[in-house]
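Architecture and fold: a report
Chain residues, written in single-letter form:
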Amino acid sequence: MTEQEKELRRKSFTEFLVRNKAHKLNVEKKIVEIEAETRMEESFQPSVSTGSKKILARKLDNTTSFLERMEKEKLKREHNMRRRKASEGQPAECTFQPQINEYSQFLKGRSSVDMSVGDALRLETKRRLLQLRADAEKGEGLTFQPDLGASQRSNPNQSNTRSSLQLTEKPETYLDRVKREANKKKAWVESEKQKQELMNLAEHTFQPKTKDCPVYVKKIAESMAVANEVRRQQGQLDVGKPEWRFS
């Protein structure tokens, strides 16, 4: 083998090593990219609305409340009773038999009652269940717990209240107690009435403005008073009723 052939073989081997190394780097780079994409897909968190969360929770939770089960059973019995009455009350002249295909023969038939009354009852059932569910959701936020007294906590069935009439405890004093209460009420009414009258009088603050009489009028009044006094002393003044009257 000549030196030229050896050089070509050495050069070819070197190129092979370079290509192999480049391919290995490309493979490692591709692996890193695939792992990064996988991590991004696994960490994706979709945005779900509140309504969708409630629907998903109801589908996952198969347990229903006692009221919902009782409501379903009640409506189911009503449906069956109405269907039975409708089938029993079908007239004899209803003999029409429609022609249906083979696939429809295996389907469960729906009568006119089922399509009218049945659908209405199903809608009513759905409405009631939604109402019960809404009431239950509202009740979840009502967490108030009243603070009871020590005696009430120890014996909640015992009550400290008593009747105001006390017919069983003190029946012999019932009439006297009624009279006392009536007198108290009467006194209270009189007191309130007097307070109201005083309040009404306090509002009467009108004070009329007057003028002083002229001097000559005062002198005439003084002279008439002196003359009347003299006549009274002499017994000539008649203090009785006047004979004249206004017509």
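Residues numbered from 1 in each chain as written. Predicted model: local features only at pLDDT ≥ 70, side-chain atom pairs only at ≥ 80, totals over all residues. Heavy atoms only, no water.

1. Focus: the packing of aromatic side chains
Selection criterion: Pairing of aromatic rings covers Phe, Tyr and Trp, the last through its six-membered ring, and needs centres within 6.5 Å; plane angles under 30 degrees mean stacked, over 60 mean edge-to-face, and all others mean tilted. Numbered from the N terminus, helices here are DSSP runs of H or I no shorter than four residues, and strands are runs of E no shorter than two. Type-normalised accessible area, obtained with a 1.4 Å probe on protein chains alone, sets the label of each residue: buried when under 20%, exposed when over 50%, and partly exposed for intermediate values.
Throughout the structure, instances matching the rule amount to one aromatic pair. Measuring from ring centre to ring centre gives 6.4 Å for Phe13 and Phe16, while their planes differ by 35°; the resulting arrangement is tilted. With Phe13 and Phe16 both in helix 1 (residues 3-42), this residue pair falls three residues apart, about one helical turn. On the basis of relative accessibility, which here comes to 42%, the residue Phe16 falls in the partly exposed class.

2. A closer look at the environment of Arg133
Here Arg133 shows up in helix 5 (residues 112-140). Spatially, the C-alpha atom of Arg133 lies 9.9 Å from that of Leu67, the residues being 66 residues apart in sequence.

3. What to know about the pattern of salt bridges
What counts, and what does not: Salt bridges are defined by distance alone: a side-chain nitrogen of Lys or Arg within 4 Å of a carboxyl oxygen of Asp or Glu.
Tallying each qualifying case throughout the model produces six salt bridges. Of the charged contacts, one joins Asp119 and Arg122 as a salt bridge, the two residues approaching to 2.5 Å between their closest N and O atoms. Residue Asp119 and its partner Arg122 are both found in helix 5; the two are separated by three residues, about one turn of the helix. Owing to a relative accessible area of 28%, Asp119 belongs among the partly exposed residues under this scheme. Taking the relative accessible area as the measure of exposure, Arg122 reaches 35% and is therefore partly exposed. We note a salt bridge from Arg128 to Glu124, for which the minimum N-O separation is 3.2 Å. Placement of both Arg128 and Glu124 in helix 5 is noted, with a separation of four residues, approximately one turn of the helix. Note on Glu124: relative accessible area 25%, which makes it partly exposed.

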